[in-house]
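A look at the structure
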Amino acid sequence: MSSQIILASTSPYRKEILSKLGIPFCCCSPDIDETPFKEEAPEAHVVRLAKEKAKAGARLFTQGLVIGSDQVAVINGNIVGKPLNHEAAVSQLTSASNQVITFYTGIALHNITTDVCEVRCETFRVHFRALTTAQIEYYLQREQPYFCAGSFKCEGLGIALFNQLEGKDPNTLIGLPLITLIDMLSRQGYVVLEHH
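Residues numbered from 1 in each chain as written. Predicted model: local features only at pLDDT ≥ 70, side-chain atom pairs only at ≥ 80, totals over all residues. Heavy atoms only, no water.

What follows is about the overall build of the protein chain. The number of helices and strands found in the protein chain is 6 helices and 7 strands. Computed over its C-alpha atoms, the radius of gyration of the protein chain comes to 17 Å, within 12% of the 16 Å expected for a compact globule of 196 residues. Along the first, second and third principal axes, the C-alpha atoms of the protein chain reach 55 × 40 × 25 Å. Among the 196 residues that make up the protein chain, the fraction classed as buried is 50%. Taking contacts inside the protein chain between residues at least 6 apart in sequence as the whole, the part at least 24 apart equals 67%. Summed over all atoms, the accessible surface of the protein chain reaches about 9,900 Å², with 51% contributed by carbon and sulfur. (Helix = DSSP H or I, 4+ residues; strand = E, 2+ residues; numbered from the N terminus. Rg over C-alpha atoms; globule rule 2.2 N^0.38 Å. Buried < 20%, exposed > 50% of the residue type's maximum accessible area, 1.4 Å probe, protein only. Contact = heavy atoms within 4.5 Å. Areas by Shrake-Rupley, 256 points an atom, 1.4 Å probe, with all protein chains shown as cover.)

In structure tokens form, the structure reads like this:
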């Protein structure tokens with residue numbers, strides 16, 4: 001089945017992860033409100049947004065399989081967003097020091113033809129080393145991860161911040177759980193390991 005694959009995301013990281021599969025796909029920008037609902041649990045939040053992104057993408061095409069994904073990081077029960085500046089990044093990494101951060105990644109696959117949307121939530125835990133102020137400053141000057149949730153990029157020097165990673169698929173940490181996505185695609189008749 002040569003169904004069109006559409007990634008409803010403007011994230012360069014998600015685009016890069018999906019490219020690993022070597023399948024043809026296009027991207028679109030899902031225009032949705034990402035504000036969390038009052039009292040919304042992190043898992044419910046990412047699942048809802050992944051589904052909304054996939055459905056928003058589906059409205060732009062007449063056929064195909066649309067991928068939506070959303071992610072939050074949680075530390076000590078609080079959702080951690082993108083720091084956007086140096087001071088906020090220092091604060092995030094200081095509170096993450098010697099702690100475990102849980103990432104929740106929602107992934108949705110919407111079949112435009114059948115109007116069926118499958119949604120999953122994958123968790124990934126990151127165990128942080130005890131970090132000194134000097135180490136945090138050095139890291140931030142080197143990587144400037146101000147547009148990354150939790151103030152780090154695990155695909156770069158960020159790996160030095162951790163002493164353990166815990167999860168099924170390292171791609172989940174970057175924002176797109178490929179192992180789960182491959183399963184979802186196959187349930188829609190799209191087998192990644194067959195010629196397209």
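Our focus in this paragraph is the environment of Thr113. Looking at the secondary structure, you find Thr113 in the loop between strand 5 (100-111) and strand 6 (116-128). Sequence separation of Thr113 and Ala88 is 25 residues, and the distance between their C-alpha atoms is 44 Å.

The nonpolar side chains of a soluble globular protein tend to be buried, and buried together. One finds Phe103, Phe128, Leu140, Phe152 and Leu161 to be the most contacted residues of the largest nonpolar core, which totals 22 residues. Of all the secondary structure elements, the ones that give two or more residues to this core are strand 3 (65-75), helix 3 (86-96), strand 5, strand 6 and helix 4 (133-143). Per-element accounting of this core gives the leading share, 4 residues, to helix 3. Dropping the residues within four chain positions of it, Phe152 is found in contact with Phe103, Phe128, Tyr139, Pro145, Leu161 and Phe162. (Core = buried A, V, L, I, M, F, W, Y, C linked by side-chain atoms within 4.5 Å.)

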